[in-house]
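What follows is each chain in one-letter form.
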Amino acid sequence: MAAETAAGAGTAEAASAMELAGTAKPAGTAEPADTLATVEAGLDALDATTEHEVSRLIRILRSAYPPILAVALILAVWQALYLAKIWPDWKLPGPSEVFTSLKATFSGGDAWTAVGHSVEHGAVGFAASLVIGTPLGLLVGRFKPVRAGVGPILSGLQSLPSVAWVPPALMFFGPQPSMLYAVVLLGAVPSIAVGVVSGLDQVPPMYLRVGRNLGARGLASVRYVLLPAALPGYLAGLRQGWAFAWRSLLAAEIIVQSAQLGHSLGFLLKNAQDSNDMAGAFAAIMLILAVGVTVNQVLFVPLERRVLKARGLV
């Protein structure tokens, strides 16, 4: 009896082994359904990548053609006025004459030197304005007595033309780079501070209460609650501050000419005026405009878009 039981067990084990051997697959062999799913997933990923690249190209083209169309329209109107001979050529040169003057400025190396000096002065002045304007805006926005006393002064300084600071800055500092930085600071700091105050006014009080409950007090509440919540208004103030800084800088460069200030964009424009070169003046204006537009489109527009996208506003 025991022998029969053992034989039956051996037979069952042999049958199980045969079934496993019949169903086993060589290592590395995938089921047809799994292979098809892998291929489909790869094709879907390829399609998604292609669609992403195409959609990105379409977005770039959609964002690029409106300004290109606007520039083409301006050039067409300009050329039409030039051909109509309403004013003499020395008063209104044609686009080709201005571009020839611009090409000559680049060929002579004056353009790169002027752009480098002006951008350097503008960047240093704007960075200093940022360091001063941000804490000043926080003080004005957070403390009512400071706001009552300093707030109206900031608004008045913001409306004051920056060129008004050039004569006193020149008398105080002389024709030195410090004179340019003083004019830039007085033009940009009020705008940055007002931008910070505007952003703080839009922060719901609930955020501060929640932050205090989580342990964010004092400077920690400023760093982790106030500034992140006020970021959209703060960025708007930074953009406006850069506009004021750039305009203030060019006004000072046009009025004050000295070897210590270097060969700047303002110098190019003033030199064109002194030589009665209208084409050179338009060429200098194009350089000034190009720098301002480039800084705005390369720095502020992507930064603002990223912040708004992170908040679900785009």
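What counts, and where the lines are drawn
- Each chain carries its own residue numbering, running from 1 in the direction its sequence is written.
- With the structure being a predicted model, the display of local features is reserved for residues of pLDDT at least 70 and the display and counting of side-chain atom pairs for 80 or more, all residues being used for whole-chain, interface and lining totals.
- Only hydrogens and water are removed before side-chain values are computed, so all heavy atoms of the structure are retained for them.
- Numbering of helices and strands runs from the N terminus; a helix is a DSSP stretch of H or I covering at least four residues, while a strand is a stretch of E covering at least two.
- Exposure is judged per residue with a 1.4 Å probe applied to protein chains only, and the accessible area is read against the type maximum: over 50% gives exposed, under 20% gives buried, and values in between give partly exposed.
- Only heavy atoms matter for contacts: two residues are in contact if any of them lie within 4.5 Å across the pair.
- To be clear on the numbers: accessible area is Shrake-Rupley with a 1.4 Å probe, and residue cover counts the displayed protein chains and nothing else.
- In this text, buried Ala, Val, Leu, Ile, Met, Phe, Trp, Tyr and Cys residues form a nonpolar core when linked through side-chain atoms within 4.5 Å.
- Only Phe, Tyr and Trp rings take part, Trp by its six-membered ring, and two of them pair if their centres are within 6.5 Å. Stacked means planes under 30 degrees apart, edge-to-face means over 60, and tilted covers everything else.
- Both site types are read off a 1 Å grid over the protein atoms alone. A 1.4 Å probe that fits but cannot get out defines a cavity, while an open set with protein on both sides within 12 Å along at least five of seven lines defines a pocket; lining residues have an atom within 4 Å of a point.
- Grid points are joined across faces, edges and corners, and a volume is the space filled by probe spheres set on the points.
- Residue polarity follows a fixed list, in which Ala, Val, Leu, Ile, Met, Phe, Trp, Tyr, Cys and Pro are nonpolar, Asp, Glu, Lys and Arg are charged, and the others, Gly among them, are polar.
- For this quantity, the arc is that covered by the directions from the helix axis to the C-beta atoms.
- A side-chain nitrogen of Lys or Arg and a carboxyl oxygen of Asp or Glu constitute a salt bridge if their distance falls within 4 Å.
- Two distance rules govern patches: like charges are joined within 9 Å, and nonpolar side chains (Val, Leu, Ile, Met, Phe, Trp, Tyr) within 5 Å, applied only to residues with over 30% relative accessible area and no salt bridge.
- In protein, a polar contact means a hydrogen-donor-capable atom and an acceptor-capable atom, both N or O and within 3.5 Å, with residues adjacent in sequence counting only if both atoms are side-chain atoms; elsewhere, any N or O pair within 3.5 Å suffices.
- Charge counting treats Lys and Arg as positive and Asp and Glu as negative, with His and both chain ends excluded.
- To locate a charge, the coordinates of NZ of Lys, CZ of Arg, CG of Asp or CD of Glu are taken.
- Here the axes come from fitting lines to C-alpha atoms, over the contacting stretch only for helices, and the angles between their N-to-C directions go from 0 to 180 degrees.
- The crossing is said to be left-handed when, going from far helix to near helix, the turn is anticlockwise and less than a right angle, and right-handed when the turn is clockwise.

*Asks:* Any chance you could break down the overall build of the protein chain for me, citing the residues and the numbers?
*Replies:* Helix and strand counts for the protein chain come out as twelve helices and zero strands. Going through the 314 residues of the protein chain one by one, you find that 31% of them count as buried. In the protein chain, 72% of the contacts between residues at least 6 apart in sequence involve partners at least 24 apart. Taken as a whole, the protein chain presents about 19300 Å² of accessible surface, with 68% of it coming from carbon and sulfur.

*Asks:* I'd like to hear about the nonpolar core, residue by residue, with values.
*Replies:* One finds Phe 126, Met 179, Leu 238, Trp 246 and Leu 265 to be the most contacted residues of the largest nonpolar core, which totals 51 residues. When contributions to this core are tallied by element, the ones reaching two or more residues are helix 3 (95-107), helix 4 (110-142), helix 6 (166-173), helix 7 (177-201), helix 9 (219-229), helix 10 (231-255), helix 11 (265-274) and helix 12 (278-310). For Met 179, the contacting residues outside a window of four places in its chain are Ala 169, Leu 170, Phe 173, Gly 174, Ala 252, Val 256 and Leu 261.

*Asks:* Outline the packing of aromatic side chains, listing residues and values.
*Replies:* According to the stated counting rule, one finds six aromatic pairs in the structure shown. With 5.6 Å between their ring centres and 45° between their planes, Trp 78 and Phe 282 make a pair best called tilted. Remark: Phe 282 occurs in helix 12 and Trp 78 occurs in helix 2 (residues 32-84); sequence separation between them is 204 residues. On the basis of relative accessible area, Phe 282 is assigned to the partly exposed category, the value being 26%. Ring geometry for Phe 126 and Trp 242: centres 5.8 Å apart, planes at 85°, overall edge-to-face.

*Asks:* Describe unusual backbone geometry, listing the residues and the values that go with them.
*Replies:* In this structure, Lys 85 takes a positive phi of about 55° despite not being glycine. Located in the positive-phi region is Asn 276, a residue other than glycine, with phi close to 55°. Within the fold, Asn 276 resides in the loop between helix 11 and helix 12. Its relative accessible area of 56% is what places Asn 276 among the exposed residues.

*Asks:* Quick one: what's the story with the layout of surface pockets, residue by residue and with numbers?
*Replies:* Put simply, the largest pocket is a space of about 490 Å³. In this structure, the largest pocket is lined by 14 residues; those nearest its centre are Val 71, Ile 74, Leu 75, Met 286 and Leu 289. Of all the elements in the fold, those that place two or more residues in the lining of the largest pocket are helix 2 and helix 12. Among the elements that take part in the lining of the largest pocket, helix 12 stands out by supplying seven residues, more than any other. Here the lining of the largest pocket is built from residues that sort into 13 nonpolar, one polar and no charged.

*Asks:* I'd like to hear about helix 9, residue by residue, with values.
*Replies:* Of the positions making up helix 9, those classed as buried are Ser 221, Val 222, Val 225, Leu 226 and Ala 229. Viewed end-on, helix 9 has its buried residues packed into an arc of 125°, placing them on one side of the element. Opposite its buried face, helix 9 presents the exposed residues Leu 219, Arg 223 and Tyr 224, each directed more than 90 degrees away.

*Asks:* So what's going on with the pattern of salt bridges? Residues and values would help.
*Replies:* One pass over the full model with this rule turns up four salt bridges. Taking the shortest distance from any N to any O, the salt bridge between Lys 270 and Asp 274 comes out at 3.8 Å. One end of the pair is Lys 270 and the other is Asp 274, both in helix 11 and four residues apart, which spans about a single turn. Judged by its relative accessible area of 24%, Lys 270 falls in the partly exposed class. Accessibility expressed as a relative area gives 54% for Asp 274, which makes it exposed.

*Asks:* Tell me what's going on with a nonpolar patch on the surface, and back it up with residues and numbers.
*Replies:* On the surface, a nonpolar cluster with roughly 480 Å² of combined accessible area is contributed by Leu 73, Val 77, Leu 81, Ile 86 and Trp 87. Structurally, the position occupied by Leu 73 is in helix 2.

*Asks:* For the environment of Lys 85, give the residues involved together with the corresponding values.
*Replies:* Within the element layout of this structure, Lys 85 appears in the loop between helix 2 and helix 3. At 3.2 Å, the side chain of Lys 85 forms a polar contact with the side chain of Asp 89.

*Asks:* Quick one: what's the story with a positive patch on the surface, residue by residue and with numbers?
*Replies:* A cluster of basic residues, Arg 142, Arg 209, Arg 212 and Arg 217, forms a positive patch on the protein surface. Of note, Arg 217 is situated in the loop between helix 8 (205-213) and helix 9.

*Asks:* How would you sum up the environment of Ala 290? Please name residues and give values.
*Replies:* Residue position: Ala 290 is located in helix 12. In sequence terms Ala 290 and Val 115 are 175 residues apart; their C-alpha atoms lie 10.0 Å from each other.

*Asks:* With reference to specific residues and values, describe the packing of helix 6 against helix 7.
*Replies:* At a minimum axis separation of 9 Å, helix 6 and helix 7 run at an interaxial angle of 145°. For the pair helix 6 and helix 7, the crossing hand works out as right-handed. Along the contact surface, helix 6 presents Val 166, Ala 169, Leu 170 and Phe 173, while helix 7 presents Ser 178, Met 179, Ala 182 and Val 183.

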